[in-house]
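Given next are the chains, with one letter for each unit.
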Amino acid sequence: EILIKAIDPLMGPNTLALFSYEHRPYPEYDPRHEFERLSELYNMKVRVVPLSEHHECYSADDIEIWEVSRLSSCLKQTSFSTVHSTEVNMTPAVVEAGGRGELIIRNWGQVPVV
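Residues numbered from 1 in each chain as written. Predicted model: local features only at pLDDT ≥ 70, side-chain atom pairs only at ≥ 80, totals over all residues. Heavy atoms only, no water.

A. Broad picture of the pattern of salt bridges. Following the criterion strictly, the structure yields seven salt bridges and no others. As a salt-bridge pair, E22 and R24 come within 3.5 Å of each other at their nearest N and O atoms. Judged by relative accessible area, E22 falls into the partly exposed class, the value being 37%. What makes R24 partly exposed here is its relative accessible area of 45%. The closest approach of N and O atoms between R37 and E34, which form a salt bridge, is 2.8 Å. (Salt bridge = Lys/Arg side-chain N within 4 Å of Asp/Glu carboxyl O. Buried < 20%, exposed > 50% of the residue type's maximum accessible area, 1.4 Å probe, protein only.)

Written as structure tokens, this is what we have:
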């Protein structure tokens, strides 16, 4: 819940946050389900990006990429690889939870799509 509380004030109506999650067993709960449950409590939704949308060099079976956005957001659930525009008209915040518990946040205005 600490991570959800940290990103909640950063998540605007058009914000898209990307998380990397490495599968690890927890006897008390399933972290994936708990993150999704807590996200909904804070008016956010989680989409697991399919491996087919990952770059082949950076794809791994034990690591998932999650797209997190506000439930009230009007963003389409579209892969960036399928967008045919030169710019995305939103202000995403990319948040990464590092292996040592650090939180990396990057904000951009107009983001070029390649």
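Now that the structure has been shown, the text picks up again.
B. Molecular detail of the packing of aromatic side chains. For the structure on display, the rule yields four aromatic pairs. With a centroid separation of 5.4 Å and 65° between ring planes, the pair formed by F19 and F35 is classed as edge-to-face. Of this pair, F19 sits in strand β1 (residues 17-22) while F35 sits in helix α2 (residues 31-41), and the two are 16 residues apart along the sequence. Taken as a pair, F19 and F35 share a single burial class, namely buried. (Phe/Tyr/Trp six-rings, centres within 6.5 Å; stacked < 30°, edge-to-face > 60°. Helix = DSSP H or I, 4+ residues; strand = E, 2+ residues; numbered from the N terminus.)

C. Region of the structure containing the nonpolar core. Core analysis: the biggest nonpolar cluster contains 12 residues, these being I4, I7, M11, A17, F19, Y21, F35, L38, M44, V46, W66 and V68. Counting residues per element, the ones that place at least two in this core are α1 (2-7), β1, α2, β2 (44-49) and β3 (63-70). Here the element with the most residues in this core is β1; it accounts for three residues. When near neighbours in sequence (up to four residues on either side) are disregarded, M44 contacts I4, I7, D8, M11, S39, V68, S69, R70 and L71. (Core = buried A, V, L, I, M, F, W, Y, C linked by side-chain atoms within 4.5 Å. Contact = heavy atoms within 4.5 Å.)

D. Main features of α2. Along α2, the residues that are buried comprise P31, F35, L38 and S39. Seen along its axis, α2 keeps its buried residues to an arc of 105°; they face one direction. Set apart from the buried face of α2 by more than 90 degrees, the exposed residues are H33 and L41. The inward-facing, buried residues of α2 contact α1, β1, β2 and β3. Residue N43 follows α2 closely and has a positive phi angle near 65°. (Arc of directions from axis to C-beta.)

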